[in-house]
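Each chain, written out:
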Protein chains: 2
Amino acid sequence: MKNYSKQREAVSNILKASKSHPSAAKIYEEVKKIVPSISLGTVYRNLADLQKNGEIISVSVGDGTERYDGDTSPHIHLVCRNCLSITDVHLEDDFGIRFATDYGFSPDSSVYTVYGLCDKCSRK
Amino acid sequence: MKNYSKQREAVSNILKASKSHPSAAKIYEEVKKIVPSISLGTVYRNLADLQKNGEIISVSVGDGTERYDGDTSPHIHLVCRNCLSITDVHLEDDFGIRFATDYGFSPDSSVYTVYGLCDKCSRK
DNA sequence: ATATGTGCAAACTGTTTGCACACGA
DNA sequence: TCGTGTGCAAACAGTTTGCACATAT
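Residues numbered from 1 in each chain as written. Chains lettered and ligands numbered in written order. Predicted model: local features only at pLDDT ≥ 70, side-chain atom pairs only at ≥ 80, totals over all residues. Heavy atoms only, no water.

**Here we look at the interface of chain A and chain B**
The criterion, for reference: Residue contacts are defined here by distance: any two heavy atoms, one from each residue, within 4.5 Å place the two residues in contact. What counts as buried area is the accessible surface, traced by a 1.4 Å probe, that two parts surrender upon association, with contributions from both included. Take a side-chain nitrogen of Lys or Arg and a carboxyl oxygen of Asp or Glu: if they are within 4 Å of each other, that pair is a salt bridge. For the purposes of these results, a polar contact is taken to be a pair of N or O atoms within 3.5 Å, where, inside protein, one atom must be able to donate a hydrogen and its partner to accept one; residues adjacent in sequence count only when each atom of the pair is a side-chain atom. Going along the chain from the N terminus, every DSSP run of H or I of four or more residues is numbered as a helix, and every run of E of two or more is numbered as a strand. A strand pair is defined by DSSP finding two or more bridges across the two strands.
Taken together, the contact between chain A and chain B spans 35 residues of the former and 34 residues of the latter. The contact between chain A and chain B buries some 2800 Å² in all, and 62% of this surface belongs to carbon and sulfur atoms. Looking only at chain A, the three residues that lose the most surface to chain B are A:R81, A:F105 and A:Y112, adding up to 22% of its buried area. The tally of links from chain A across to chain B stands at 2 salt bridges. Of the charged contacts, one joins B:D108 and A:R81 as a salt bridge, the two residues approaching to 2.8 Å between their closest N and O atoms. Summed over the shared surface of chain A and chain B, the number is 17 residue pairs in polar contact (both at pLDDT 80 or more). Counting residues per element, the ones that place at least two in the side of chain A that touches chain B are α3 (40–52), β3 (75–80), α4 (95–102), β5 (106–117) and α5 (119–123) of chain A. Sheet topology places β5(A) next to strand β5 (residues 106–117) of chain B; 11 bridges connect them, and they run antiparallel. Bridging across to β5(B), A:G116 finds its partner in B:P107.

Given below as C-alpha cells:
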C-alpha cells in the first residue's frame, strides 16, 4: 500500500523538529541537506501524503504560500497580517474534533487560526 | 480614505447572503448578474479588502482554491477531503479570539477548520 | 515481479498587478 | 480636482503532473 522512502521520512522529520511553520520551498531547502537529490515535486507529493494521513497540518498565512506544521497537538495559530509571523498557543483539548465526531464526521486533523496584528506590529 | 463602489457592495452582499462558501470564480459569476461589467481582478481586490476589514473570512479546502465566507460569527468548518463539502457548526463563543487578546495580539478574525471525511463519504 | 516513489521539467491555474480610464467625495 | 476604484490582459508563482527510471517489498 505505502512504501518507505527516505525522502518522505526526511520531510516528516524536518517538520516534526521544526517550530517555524516553514513553506514548501523552505522545507525543500532543508531536506536537500539530508537527501541532496530530492526534487521540489517530491516534497509537495510527500507533504500531501503526510497531510492526508493527519501527520502534519498546513496553515494559510495569506501571502500565497501554504505553511506546514508537524505539531498536530491542539493549538491555535496567531497569524500577523503585517509581519506574517505565526505564534502558537497550545490548548488542553481540541473540541472542534469532538464536535465534528458528534456530527458523524470522521476528522483527521484540525486547524484553528486567528488573524490580526501581533503585539509588535499593532504598536506601530 | 475609502470610497464607495457598487462592485464592493455587491461582492459583500453576495457573501453575506450565501451559505455555500463560494470560490472567487463562483462569486465572480454571481456578481456579474448584478454588475455585469465587473472583472475578476476587481473581485479579488475587493475580497482582499473585505477580509482585511474582518468583514469576511476565507477557508482553504485543499483543492487549490480559497473559499470565502460572509459569516463571521463563531463557527467551525467541517471540510470533507473527499467531496470538498463544507459544513458549519456554530459556536457560542470564539475563545481563540479571547486567547489571542490575552497574548497582546489584536485579532480581526478567526478560522477554525476540521478536516476529514463527511458522514456520507466515510461510509464508502 | 509488481506496485509505489522519485527526479526532472513542462504545464497548469488561481491570483496578482500595471496601466489608462472612470468614478466618488 | 484628487485620491480611490475599475476593467483588461499580461505576468506571476506556487503547485501539480506526465513520463521514464529507481526503489521497496
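**Structural notes on the pattern of salt bridges**
Stated precisely, the cut-off is as follows: The cut-offs for exposure are 20% and 50% of the maximum accessible area for each residue type, with area from a 1.4 Å probe on protein chains only; residues under the lower value are buried, those over the upper are exposed, and the others partly exposed.
The final tally for this structure, using the stated rule, is 18 salt bridges over all chains. With a closest N to O distance of 3.7 Å, A:E29 and A:K26 form a salt bridge. Placement of the pair is A:E29 and A:K26 together in helix α2 (residues 24–32), with a separation of 3 residues, close to one helical turn. Using a relative accessible area of 45% as the deciding quantity, one classes A:E29 as partly exposed. Taking relative accessible area as the criterion, A:K26 reaches 41% and is therefore assigned partly exposed. The partner of B:D49 in a salt bridge is B:K2, and the shortest N-O contact between them spans 3.9 Å. Of the two residues, B:D49 sits in helix α3 (residues 40–52) while B:K2 sits in the segment before α1 (6–17), which places them 47 residues apart along the sequence. Residue B:D49 is classed as partly exposed on the basis of its relative accessible area, which comes to 22%.

**Here we look at the domain arrangement of chain A**
All names here are of chain A. Test applied: In this entry, domain limits derive from an automatic or database-based domain assignment. Residue classes follow a fixed rule: Ala, Val, Leu, Ile, Met, Phe, Trp, Tyr, Cys and Pro count as nonpolar, while Asp, Glu, Lys and Arg count as charged, and any other residue, Gly among them, counts as polar.
Looking at the assigned domains, one finds that chain A contains domain 1 (6–69) and domain 2 (75–122). Each of domain 1 and domain 2 has a C-alpha centre, and these two points are 19 Å apart. The partner domain 2 presents 12 residues to the 12 residues of domain 1 that form the contact. On the domain 1 side of the contact with domain 2, H21, I57 and V61 bury the most area, a combined 47% of that side's loss. Where domain 1 meets domain 2, there are 0 salt bridges. Where domain 1 packs against domain 2, one counts 3 residue pairs in polar contact (both at pLDDT 80 or more). For the side of domain 1 that touches domain 2, the secondary-structure elements that each account for two or more residues are α3, β1 (57–60) and β2 (66–69). At 4 residues, the largest contribution of residues to the side of domain 1 that touches domain 2 is made by β1. Split into classes, the residues belonging to the side of domain 1 that touches domain 2 amount to 3 nonpolar, 5 polar and 4 charged.

**Digging into the packing of aromatic side chains**
Cut-off, in case you're wondering: Two rings from Phe, Tyr or Trp (for Trp, the six-membered ring) form a pair when their centres sit within 6.5 Å of each other. Planes less than 30 degrees apart are called stacked, planes more than 60 degrees apart edge-to-face, and all others tilted.
The full count for this structure, using the stated rule, is 6 aromatic pairs over all chains. Relative to A:F99, the ring of A:F95 lies with its centre 5.6 Å away and its plane at 70 degrees, an arrangement referred to as edge-to-face. Taken as a pair, A:F95 and A:F99 lie in helix α4 at a separation of 4 residues, close to a single helical turn. Given a relative accessible area of 12%, A:F95 falls into the buried group. For A:F99, a relative accessible area of 30% corresponds to the partly exposed category. Seen from their ring centres, A:F95 and B:Y112 are 5.7 Å apart, and the 90 degrees between their planes marks the pair as edge-to-face. With A:F95 in helix α4 and B:Y112 in strand β5, the pair connects residues from two separate chains.

**Observations concerning the nonpolar core**
Using the following cut-off: We call a set of buried Ala, Val, Leu, Ile, Met, Phe, Trp, Tyr and Cys residues a nonpolar core when their side-chain atoms join them within 4.5 Å.
The biggest cluster of nonpolar side chains holds 24 residues, and the ones touching the most others in it are A:I76, A:L78, A:V114, B:I76, B:L78 and B:V114. Among the elements of the structure, β3, α4 and β5 of chain A together with β3 (75–80), α4 (95–102) and β5 of chain B are those that each provide at least two residues to this core. If we ignore the near neighbours within four places in the chain, the residues touching A:V114 are A:I76, A:H77, A:L78, A:V79, B:G96, B:I97, B:A100, B:F105, B:P107, B:S109 and B:S110.

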